[in-house]
Amino acid sequence: MTWQLHGDGRNVTAGEIVAPHERLSWPRTIGFGAQHVVAMFGATFLVPIITEFPPSATLFFSGVGTLLFLVITGNRLPSYLGSSFAFIAPITAATAAGSTGEALFGILAVGVLLTVVGGIVVLTGTGWINALMPPVVAGSIVALIGFNLSGVATGNVQEAPWTALVTLTVVLLTAVVFTGLLARLSIVVGVALGYVFAVAAGAIDFTTVREAAWFGLPDFGTPEVSWVVVPAFLPVVLVLVAENVGHVRSVAHLAGDDSINKLTGRALLADGIATTLAGAGGGSGTTTYGENIGVMAATRVYSTAAYWVAGAVAIFLGLSPKVGELINTIPPGVLGGVTVALYGLIGIIGVKIWIDNGVDFSRPVNQFTAAVALVIGIGDLTVTTGDLEFTGIALGSVAAIVVYHVMAQLERLRSATADPPVVS
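Thresholds applied
- Residues numbered from 1 in each chain as written.
- Predicted model: local features only at pLDDT ≥ 70, side-chain atom pairs only at ≥ 80, totals over all residues.
- Heavy atoms only, no water.
- Axes fitted to C-alpha atoms, helices over the stretch in contact; angles between N-to-C directions.
- Helix = DSSP H or I, 4+ residues; strand = E, 2+ residues; numbered from the N terminus.
- Parallel < 35°, antiparallel > 145°, perpendicular 65-115°, else oblique.
- Left-handed = near helix turned anticlockwise from the far one by under 90°.
- Contact = heavy atoms within 4.5 Å.
- Nonpolar A, V, L, I, M, F, W, Y, C, P; charged D, E, K, R; others polar.
- Patch = residues over 30% accessible without salt bridge, like charges linked within 9 Å, V, L, I, M, F, W, Y side chains within 5 Å.
- Areas by Shrake-Rupley, 256 points an atom, 1.4 Å probe, with all protein chains shown as cover.
- Salt bridge = Lys/Arg side-chain N within 4 Å of Asp/Glu carboxyl O.
- Buried < 20%, exposed > 50% of the residue type's maximum accessible area, 1.4 Å probe, protein only.

Chemist: How should the packing of helix 19 (residues 364-378) against helix 20 (residues 392-417) be read in this particular structure?
Modeler: Helix-helix packing is described using two parameters, namely the angle between the two axes and the distance between the axes. Where helix 19 meets helix 20, the axes come as close as 8 Å, and the angle between the chain directions of the two elements is 165 degrees. The orientation of helix 19 relative to helix 20 falls into the category roughly antiparallel. The two elements helix 19 and helix 20 cross, and the hand of that crossing is right-handed. Judged by residue contacts, P364, V365, N366, F368, T369, V372, A373, I376 and G377 of helix 19 engage G392, L395, G396, A399, A400, V403, Y404, M407, A408 and E411 from helix 20. Taken together, the residues that form the contact of helix 19 with helix 20 break down as 13 nonpolar, 5 polar and 1 charged.

Chemist: What is the right way to look at a nonpolar patch on the surface in this model?
Modeler: Residues V112, L113, V116, I120, W128, L132 and L234 make up a contiguous nonpolar surface patch of about 530 Å² in total accessible area. Listing elements by their share of the nonpolar patch, those giving two or more residues are helix 4 (100-124) and helix 5 (127-132). The element contributing the most residues to the nonpolar patch is helix 4, with 4 residues. Looking at the element boundaries, W128 is found in helix 5. Look at W128 and you get partly exposed, because its relative accessible area is 35%.

Chemist: How do you make sense of the side chain of S397 when you look at a structure like this?
Modeler: Here S397 is to be found in helix 20. Relative accessible area serves as the criterion here: at 1%, S397 is assigned to the buried category. Apart from residues no more than four positions distant in its own chain, S397 is found in contact with I141, L144, P235 and L238.

Chemist: How should I be thinking about the pattern of salt bridges in this particular structure?
Modeler: A side chain with one charge may pair with a side chain of the opposite charge, provided their charged atoms come close. Enumeration according to the criterion identifies 2 salt bridges in this entry. With a closest N to O distance of 2.6 Å, D356 and K352 form a salt bridge. Here K352 and D356 lie together in helix 18 (residues 332-356), a separation of 4 residues that amounts to about one turn. D356 sits in the exposed class, given a relative accessible area of 51%. Residue K352 is classed as partly exposed on the basis of its relative accessible area, which comes to 48%.

Dropping the structure here:
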């Protein structure tokens, strides 16, 4: 891969950006890559901790997925592929009722389907996605996934309330007191200080960390074929599509390059392949990370070279069992404190989709689309048919799509058949 040196490679004047095909000097590029590692790390390692997946494998496949993403998008779309929170609920359900291998099969199925969707978008464009999931539907699906997980967060809080309170308080204060990159890393800061509190309270055993090797292969896993778990995972595809489309549009806007929007199909294809590899090898499913968009917006450096650095560092971290064991020592209280905020934020992102797109909630079609989907998702309505179990996330996502399109069609028919006004 080659990049054009931006200016003298050392300075970026006010109003300028470093474009995806450009780079600064390598020492500076490595520094920006390190920022991306820090930005992605908090969320990426939390997913395997919450789902009890091996952190080393998840970090490894996030790095591999990021490098594949850069290759497939022609090195033109800066993005980091980290662990997707949309997988937490179906993974938790699959492992509770079956095994980790069955959960990996669900991730694998999502990856394959997303790859197919990406291929279709490459050939046809994104018009049909926008028609299938207008903002009220996309926002409802994202929101219900976040709020569906609320019971998991409060359950962890109850195991160590004081540790959870300290962690959550630090997250909130960091986000509001500080500015810039530190404020964006409030989750990482909260986990770090909550962890220190837990250590001081004697709640952490470092035996496994001391015994682990510094270098070694990640703790890979193997999927077990189980079609029973697939229905719970399929709605995640809708979320990944929405996240990828939104990511591409955001980067195109920030970088001032509308041609980046043409890479949407490739982005979906790349994320699908990365998720498929993760499911096949023991990692969690991936998605494009908004945290790293925040770093680019703050620095105005969109060079894909920095993401090659970040991906390589993630692979290196995945090859350290000691790092994996250290991450595994994070106690439930810390997780509870941070996930109270994180899961709520996922729900609020769904609300933000409504606001940003000006969804009109005076229309019954929008009111009932959101209302029905959210209650089904938050209440975790579960329906069992034979060996198949459909959970609240799956049913809520389907409900959002069906309710919207049925009501919208009836609304159009009513308007078309309404009596014309009498003109006297």
